[in-house]
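What follows is each chain in one-letter form.
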Amino acid sequence: MTHTTAIAATSPSPLVSLRGIGKHYGSLTVLHDIHLDIQAGEFLAITGPSGSGKSTLLGILGLLERPSRGTHLISGVDAWSLSDAEQSRLRGSALGFVFQQFHLLPELTALDNVARPLRLNRRGGDWRAEAHRMLERVGLAHRAGHRPAQLSGGEQQRVAIARALIRRPQLLLADEPTGNLPPAMWGDILELFRELNTDGHTVVVVTHDPLVARRASRNIRMEGGVTERANGPSAE
Ligand SMILES: Nc1ncnc2c1ncn2[C@@H]1O[C@H](COP(=O)(O)OP(=O)(O)OP(=O)(O)O)[C@@H](O)[C@H]1O
């Protein structure tokens, strides 16, 4: 496999290495000189006040936002030296996203939204059964045939989580994954993330939820566009 279809699993480099990353929108600087290494298999929680740059950092980690300065290495490869097509293949094959806005396709049922990444990336296979299993895991099998407009915010969020997890991404990036869910669901969603992580997948979660942060192997806190150590062995 090349770096363009998967993140090299055996590389001695950190899975992700950010060096001197800055991001500005016009005259507004939202990230200042971020240095952060993420090792394969980590479960990293990013906390911090509203507007401190957490989602922007997650967008950069997911190759959705281009940094204004600095270096972003993925398994030692400069992510921004890849072509648009290579980046897009990497996003589709190795990265999974749970966004604050769910980005579900309104014309598709819950089942088809969850199955879509499988259908886009792979021929054959029983994608319908896999998507159904994933919906069961998030407690929504009974709503498989419903479209997003027929689902509550929390149900849509669970569909989005099922869609992100179905391909078991090497690096899962989740922005406030429990934000729209009733507290009774938080433990289940966290358990799904922990299972993925226990299988060796790397998880990065932006969260205000102390329960999620406590379960992570490392926390970093952002404040005014810079990262601060919160706990763990190697927070920059
Ligand atoms: N596209 C954009 N154009 C201009 N400013 C932006 C843009 N995206 C984000 N910002 C600004 O960057 C800053 C950081 O935003 P970001 O969404 O990363 O913060 P956050 O810590 O995730 O906040 P929250 O917890 O409220 O989601 C904010 O001041 C925001 O207004």
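Keep in mind the model is a prediction, meaning the values are calculated, not measured.

**Examining the sheet that holds strand E1 (residues 16-25)**
Okay, step 1: One open sheet accounts for four strands, arranged E2-E1-E4-E5; its pairing is antiparallel. Of all the strands in the sheet, the pair left with one neighbour each is strand E2 (28-38) and strand E5 (77-78).
Okay, step 2: Note that E1 and E2 share seven bridges and pair antiparallel. Along E2, the bridge assignment pairs isoleucine 21 with isoleucine 34.

**Considerations on the environment of leucine 135**
Okay, step 1: Structurally, the position occupied by leucine 135 is in helix H4 (residues 127-137).
Okay, step 2: Remark: the alpha-carbon pair of leucine 135 and serine 55, spanning 80 residues in sequence, is separated by 26 Å.
Okay, step 3: Setting aside residues up to four positions removed in sequence, leucine 135 forms contacts with Ala110, Leu111, Val114, Leu140, Ala141, Ala144 and Ala162.

**Some points on the site of the ligand**
Okay, step 1: Taken together, Tyr25, Leu28, Val30, Gly48, Ser50, Gly51, Ser52, Gly53, Lys54, Ser55 and Thr56 form the complete shell of residues around the ligand.
Okay, step 2: Elements with a minimum of two residues in the shell around the ligand: E2 and helix H1 (54-61).
Okay, step 3: Of the residues forming the shell around the ligand, the biggest block, three residues, is contributed by H1.

**What to know about the pairing of E1**
Okay, step 1: Counting the residues between successive antiparallel strands, the hairpin from E1 to E2 contains two residues, one of them, glycine 26, with a positive phi of roughly 60°.
Okay, step 2: Pairing between E1 and strand E4 (residues 69-74): five bridges, direction antiparallel. What sits directly across from arginine 19, in E4, is threonine 71.

**Some words on the nonpolar core**
Okay, step 1: If you look at the biggest cluster of nonpolar residues, it comprises 59 residues, and the most contacted ones within it are Val114, Leu135, Ala162, Leu173, Val204 and Val205.
Okay, step 2: Considering each element in turn, this core owes the most residues, six residues, to helix H5 (residues 153-165).
Okay, step 3: Ignoring sequence-local partners within four residues, the contact set of leucine 173 consists of Leu58, Leu61, Gly62, Leu95, Gly96, Phe97 and Val204.

**Some details on the packing of helix H3 (residues 110-121) against H4**
Okay, step 1: Packing of H3 against H4 leaves a shortest axis separation of 9 Å and a crossing angle of 125°. In terms of their interaxial angle, H3 and H4 are classed as oblique. Between H3 and H4 lies a crossing whose hand is right-handed. Contacts between H3 and H4 pair Ala110, Leu111, Val114, Ala115, Leu118 and Arg119 from the former with Trp127, Arg128, Glu130, Ala131, His132, Met134 and Leu135 from the latter.

**Describing the confidence of the model for the protein chain**
Low pLDDT means the predicted atomic positions in that stretch should not be read closely.
Okay, step 1: On average, residues of the protein chain score 86 in pLDDT, and 90% of them reach the 70 mark or higher.
Okay, step 2: Ignoring residues within four places in sequence, the model shows residues 230-236, a span with pLDDT below 50, making 18 contacts including any to other chains.

Calculation rules
Residues numbered from 1 in each chain as written. Predicted model: local features only at pLDDT ≥ 70, side-chain atom pairs only at ≥ 80, totals over all residues. Pairing = 2+ DSSP bridges. Helix = DSSP H or I, 4+ residues; strand = E, 2+ residues; numbered from the N terminus. Contact = placed C-beta atoms within 7 Å. Near = placed C-beta within 6 Å. Core = buried A, V, L, I, M, F, W, Y, C linked by C-beta atoms within 7 Å. Buried ≥ 20, exposed ≤ 12 C-beta atoms within 10 Å, placed from the backbone. Axes fitted to C-alpha atoms, helices over the stretch in contact; angles between N-to-C directions. Parallel < 35°, antiparallel > 145°, perpendicular 65-115°, else oblique. Left-handed = near helix turned anticlockwise from the far one by under 90°. pLDDT = per-residue confidence, 0-100.

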